[in-house]
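One-letter residues, chain by chain:
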Amino acid sequence: MRAKTKTDIAGLVACILVYAAIQGLILTEFIGPFWQLNIILIGINIILAVSLNLINGFTGQFSIGHAGFMAVGAYVSAVLTVKLQLPFLAAIVGGALGAGALGFAIGLPTLRLRGDYLAIATLGLGEIIRICILNIQYVGGASGFMGIPRYTDFTWVFALVVFTVFVIKNFIDSTHGRACISIRENEIAAEAMGVDTTKYKVLAFTIGAAFAGVAGSLFAHYFYIAHPASFTFMRSFDILTMVVLGGLGSITGSITGAVLLTFVSATLASYPEWRMIIYSVVLIILMIYRPQGLLGNKELSLKLLGRLTGGKKHGSA
Amino acid sequence: MDSSSLVVQLGQQLINGISLGSIYALIALGYTMVYGIIRLINFAHGDIYMVGAYAGFFATSVLKLSFIPALLFSMAAAGMLGIIIERIAYRPLRNAPKIAILITAIGVSLLIEYTTMLLVSPQPRTFPAIFTADIYHIAGLVINSQQVLILVVSLLLMISLTYVVHQTKMGKAMRAVSFDTDASRLMGINVDRVISFTFGIGSALAAAAGVLVGIYYNSIDPLMGIMPGLKAFVAAVIGGIGNIPGAMLGGTILGVIEALVSGFWSSTFRDAVAFGILIVILLLRPAGLLGKNIREKV
Amino acid sequence: MALLKATKLSKVFGGLRAVSNFEIDIAPGQLVGLIGPNGAGKTTAFNLLTGVYEPTTGEIEFDGKNVVGLKPYQITQLGIARTFQNIRLFADLSVLDNVKIAYHFHVKYGLLASFLRTSSYHKEEAEIEEKAVRFLEIFKLADKKDKIAKNLPYGEQRRLEIARALAAQPKLLLLDEPAAGMNPQETQQLMEMIRWIKKEFNLTILLIEHDMSLVMGVCERIYVLDYGTIIAQGTPLEIKSNPRVIEAYLGEEV
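Scoring rules and cut-offs
- Residues numbered from 1 in each chain as written.
- Chains lettered and ligands numbered in written order.
- Predicted model: local features only at pLDDT ≥ 70, side-chain atom pairs only at ≥ 80, totals over all residues.
- Helix = DSSP H or I, 4+ residues; strand = E, 2+ residues; numbered from the N terminus.
- Buried ≥ 20, exposed ≤ 12 C-beta atoms within 10 Å, placed from the backbone.
- Contact = placed C-beta atoms within 7 Å.
- Rg over C-alpha atoms; globule rule 2.2 N^0.38 Å.
- Axes fitted to C-alpha atoms, helices over the stretch in contact; angles between N-to-C directions.
- Left-handed = near helix turned anticlockwise from the far one by under 90°.
- Nonpolar A, V, L, I, M, F, W, Y, C, P; charged D, E, K, R; others polar.
- Core = buried A, V, L, I, M, F, W, Y, C linked by C-beta atoms within 7 Å.
- Domains from an automatic or database assignment.
- Pairing = 2+ DSSP bridges.
- pLDDT = per-residue confidence, 0-100.
- Expected span 1.5 Å × (residues − 1).
- Parallel < 35°, antiparallel > 145°, perpendicular 65-115°, else oblique.

## Digging into the overall build of chain B
Tallying secondary structure elements over chain B gives eleven helices and four strands in all. Overall, the C-alpha framework of chain B stretches about 60 × 45 × 35 Å when taken along its three principal axes. Residues classed as buried in chain B amount to 52% of the 298 residues present. In chain B, once contacts between residues fewer than 6 apart in sequence are set aside, the share between residues at least 24 apart is 76%.

Encoded structure:
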């Protein structure tokens, strides 16, 4: 336990240093508006990727409708700030709760589906959510929800990224996380070992959805507007790509994937068709030659950072 | 609305629905055959339908072919594309985890869409009028000759497919491979060739749908395959994924339901209804109307 | 009183009667075998007893409680553990992690404790680790505790699966063809291990097996299943000479 406390403090210090460094660069305008935007996006994408990884990577459930939960978070939080004049923190919590509640409601009936069928069901559900939002005039319908105050800044994003990674990592390293991983490995064996597989599948799904809601809240409160077109299947697929690129079952992998792909998107922003073509070719090659992604299910550990290879494997706490 | 005009409206939507349903059926057949044979949801299939439409466009406006040669040209072109895609992107992943091949399929889909956009511009194109629309009025119903064309061509293609699947050696091989791949291999069936053939036929049918849609709706664009692709997949699931008559049935049912929803309720919720039906079927009867339940051995 | 009692159990799949009128009665501390030709329905019976399948008709009583309709994880929590015909380890996890899962449903710390890593989390995690390692030592797998399960040799994988099942502290252990794929020497070691775990963990054991030397060697009583029904039951000696059994196996060496 002593050792763990040491690494905890080291981690905390590292976080503070990174935060101070980047915030300093932003405040002194060393990092211009384009990259400021992208740093915010990287943070949001990290939250999305890590939360999706909990569902797909650690629990082995095939969910490709994550954008729907992001949308719920975005819209619920926007309603709380714009229509109900609540402070940002309350809006974020509201967005998370809304998305989480929907995740629970959806997860309960659909998580008995397996593999391809679950994938298609989540895809369909993501689309249904988006189409429903498109038809709700109270939140702007097809024109989108306008006039959202820009509360999101680097500090908020950084804090929530750290919070997300902290919560999810601790979940994974506990007996509850082990239960989820055992479901991924062999659901029937997990059930035979006394694990309530339904409960844990729904739990992972709900937690993942809630954090997607957090990301959605941050997103809406940066871009002044929330529009259904930001939450299509393409968005779900973007997040999935980050997770798979980084490695299903690796938190540092998801972070890496989010950073890399946001970076690539930013660089190719002026060439949208080329961006998609490069994206898809990279994806196809990745799947054929290295389907486990960059880090597989290992984590980047500080000791081996220099060698860029995997470190502590998940599950051996 | 008085009862006679309600009946007329109903009949009208039924006609529209059957046309739409035939299109869905043609596309759904490709999904269902590929799933039946290698358990893959070919996300790129909707984009093959789009390529078929563009091939038809090319054949009619550049090569100045008439309807039937253009249709055949388009079907051949798409068939070849389907076979090439299987060879390059899916065959190496035959034994890979499900998520890898699904992501690859999505990748292929995006690649086709955006390459097309780069090549022919994202702007919609107008399909040349090679089959003018004559309007018939029968019993108060409006029937478009193009709708008749769609129905006739679809039926002919589906009958041909049924013949191939049940009366030819290759068709028998297809059925064998979808039942038990390893046993088929042991019986001397060239499984790779059968899979290629399946992709080819499925793609050709989707292309035919694309050409028919080009003729009927006049406008084609690189992203036109996304929604019809997803909905055709829903149709395949309704009928029972892997089941060929199921795809035809599912397509027709979905087309009719969509037409009725559009006509009598709201066209904005039309797409949501299709997905809603998908969810309901997956939850209540995942094997679909004509499919069989497959248990995992414990 | 019987520890496990099944009466008039049957399972029908569509048109197929996989199991019919299956009746079994096992007293605490017994070592009972379930044999029969391939396809007789033995694994189906196991699946019925562990809640994987719901019986079409019939009752199952375990330790005085009716368990029909319970989900598999609930039945495990009541005290029945099992192994599988085709080994179902958590293949990509370490040997240690495979065993740790068995302690999951005994853990007391909740979600909040996990998120915040309170002292109860640390304490229980340390306990789990210690218990798991000690358990592996008993099964002579402790030196391989960090190895990935799928990389173990076959015999050790089977041993691990049994160890994992036992870590769940069951009263009744169901073994589905534990000797499958083993040579005579390994089978002998397995027999000794089965006798040993029964004594050491105070178990009742029901096992499915095709290897007759194992069955005859360890079982006190044997049930014989053919085409889904019990055709005979008794001591190994009685079963050996039972004409119906011999007929069912059609001249197999019994």
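Structure's up, so let's keep going.
## Let's talk about the overall build of chain A
Regarding its fold elements, chain A presents twelve helices and zero strands. The linear arrangement of helices and strands in chain A, starting from the amino end, is α-α-α-α-α-α-α-α-α-α-α-α. Its C-alpha atoms give chain A a radius of gyration of 19 Å, within 12% of the compact-globule value 20 Å for 317 residues. In terms of overall dimensions, chain A has C-alpha extents of about 50 × 45 × 40 Å along its principal axes. Across the 317 residues in chain A, those meeting the buried criterion constitute 55%. Contacts spanning at least 24 positions in sequence make up 77% of the contacts within chain A whose residues lie at least 6 apart.

## Things to note about the packing of helix H5 (residues 115-134) of chain A against helix H11 (residues 270-284) of chain B
Each pair of packed helices can be summarised by the angle the axes make with each other and by the distance between the axes. Contact geometry of H5(A) with H11(B) gives a least axis separation of 9 Å together with a crossing angle of 145°. In this structure, the crossing between H5(A) and H11(B) has a hand that is left-handed. Two secondary-structure elements touch here, H5(A) through A:Tyr117, A:Ile120, A:Ala121, A:Gly124, A:Leu125, A:Glu127, A:Ile128, A:Ile131 and A:Cys132 and H11(B) through B:Asp271, B:Ala272, B:Phe275, B:Gly276, B:Leu278, B:Ile279 and B:Leu282. Its residues assigned to classes, the contact of H5(A) with H11(B) comprises twelve nonpolar, two polar and two charged.

## Details of the nonpolar core
Membership of the largest hydrophobic core comes to 271 residues, with the highest contact counts inside it found for A:Tyr75, B:Ala207, B:Ala208 and B:Val234. With residues up to four places along the chain from it excluded, the contact list for A:Tyr75 reads A:Ile133, A:Val139, A:Phe145 and A:Ala226.

## A word on the domain arrangement of chain A
Residue and element names in this part refer to chain A. Along its sequence, chain A is organised into domain 1 (1-31) and domain 2 (32-232). Just the C-alpha atoms count here: the centres of domain 1 and domain 2 sit 26 Å apart. Between domain 1 and domain 2, the contact holds six residues from the first and eight residues from the second. Of the residues contributing to the side of domain 1 that touches domain 2, the split by class is five nonpolar, one polar and no charged.

## Here we look at the pairing of strand E3 (residues 141-144) of chain B
Inspection of the sheet shows strand E2 (residues 135-138) of chain B paired to E3(B) by four bridges, in the antiparallel sense. Counterpart to B:Tyr136 in the pairing with E3(B) is B:Ile143.

## Remarks on the sheet that holds strand E3 (residues 31-35) of chain C
All names here are of chain C. With mixed pairing, the six strands of this open sheet are ordered in space as E6-E7-E8-E3-E9-E10. Either end of the sheet is taken by a strand with one partner, and the two such strands are strand E6 (80-82) and strand E10 (229-234). Each strand axis lies, on average, 20° off the axis of its neighbour in the sheet, ignoring direction. By the bridge criterion, five bridges tie strand E7 (residues 172-176) to strand E8 (residues 204-208) in an arrangement that is parallel. Within the sheet, the bridge partner assigned to Leu172 lies in E8 and is Thr204.

## Notes on the interface of chain B and chain A
On the side of chain A, 32 residues touch chain B, which itself brings 33 residues to the contact. Elements that contribute at least two residues to the side of chain B that touches chain A include exactly helix H4 (98-120) and H11 of chain B. Examining the composition of the side of chain B that touches chain A, we find that 15 residues originate from one element, H4(B), more than from any other. In terms of residue class, the side of chain B that touches chain A is made up of 26 nonpolar, five polar and two charged.

## A word on the confidence of the model for chain A
All names here are of chain A. When pLDDT is averaged across chain A, the result is 88; 93% of the residues are at 70 or more. Across chain A, element-level confidence peaks in helix H9 (residues 197-220) with a mean pLDDT of 96 and bottoms out in helix H1 (residues 2-27) with 80. The model gives residues 306-313 a pLDDT under 50, and that stretch makes 15 contacts with residues more than four places away or in other chains.

## Some words on the sheet that holds strand E5 (residues 65-66) of chain C
Residue and element names in this part refer to chain C. Reading across from one edge, E2-E1-E4-E5 is the order of the four strands in this open sheet, with antiparallel pairing throughout. At either end of the open sheet lies a strand with only one pairing partner, and these are strand E2 (16-26) and E5. When strand E4 (residues 57-62) meets E5, the two strands line up antiparallel, connected through two bridges. Directly across from Phe62, in E5, lies its bridge partner Lys65. Across the sheet, helix H1 (residues 42-49) lies against strand E1 (4-13), E2 and E4, angled at about 65° from E2, the strand it touches most.

## Points about H1(C)
Counting along an α-helix, one turn takes 3.6 residues, and residues three or four places apart therefore face a common direction. Residue and element names in this part refer to chain C. Most of H1 is tucked away: eight of the eight residues are buried. Among all positions of H1, only Lys42, Thr43, Thr44, Ala45, Phe46, Asn47, Leu48 and Leu49 are buried. One or two steps after H1, the chain reaches Gly51, where phi turns positive at roughly 85°.

## A word on the environment of A:Gln36
Residues and elements named next belong to chain A. Relative to the elements of secondary structure, Gln36 occurs in helix H2 (residues 33-58). By C-beta crowding, Gln36 is classed as partly exposed, having 16 other C-beta atoms within 10 Å. A C-alpha to C-alpha distance of 7.0 Å links Gln36 and Ile26, two positions ten residues apart in sequence. Beyond its immediate sequence surroundings of up to four residues, Gln36 is in contact with Ile26 and Ile31.

## Quick notes on helix H8 (residues 191-217) of chain B
The first and last C-alpha atoms of H8(B) sit 39 Å apart over 27 residues, in line with the 39 Å expected at 1.5 Å per residue. Taking burial as the measure, the 27 residues of H8(B) include 21 buried ones, the bulk of the element.

## Overview of the packing of helix H3 (residues 66-83) of chain A against helix H4 (residues 88-110) of chain A
Residues and elements named next belong to chain A. Packing of H3 against H4 leaves a shortest axis separation of 7 Å and a crossing angle of 140°. As far as their axial angle goes, H4 and H3 are oblique. Crossing angle aside, the handedness with which H3 passes H4 is right-handed. Listed contacts from H4 to Phe69, Val72, Gly73, Ala74, Val76, Ser77, Leu80 and Thr81 of H3 are Phe88, Ala90, Ala91, Ile92, Gly94, Gly95, Ala96, Gly98, Ala99, Leu102 and Gly103. In terms of residue class, the contact of H3 with H4 is made up of twelve nonpolar, seven polar and no charged.

## Regarding the environment of A:Ile172
Residues and elements named next belong to chain A. With respect to the secondary-structure elements, Ile172 resides in helix H6 (residues 154-172). Residue classification places Ile172 among the buried residues on the basis of 25 C-beta atoms within 10 Å. Ile172 sits 35 residues away from Gln137 along the chain, and the two C-alpha atoms are 40 Å apart.

## Side note on the pairing of E4(C)
Residue and element names in this part refer to chain C. One ladder, built from five bridges, connects E1 with E4; its direction is antiparallel. Counterpart to Lys5 in the pairing with E4 is Glu61. If you look at the hairpin formed by E4 and E5, you'll find two residues sitting between the two strands, and Asp63 has a positive phi there, around 55°.

## Concerning unusual backbone geometry
Residues other than glycine seldom take positive phi values, yet A:Gln85 does so here, at roughly 55°. Mapped onto the fold, A:Gln85 is located in the loop between H3 and H4. With a phi close to 70°, B:Asn218 is a non-glycine residue in the positive phi region. One can find B:Asn218 in the loop between H8 and strand E4 (219-220).

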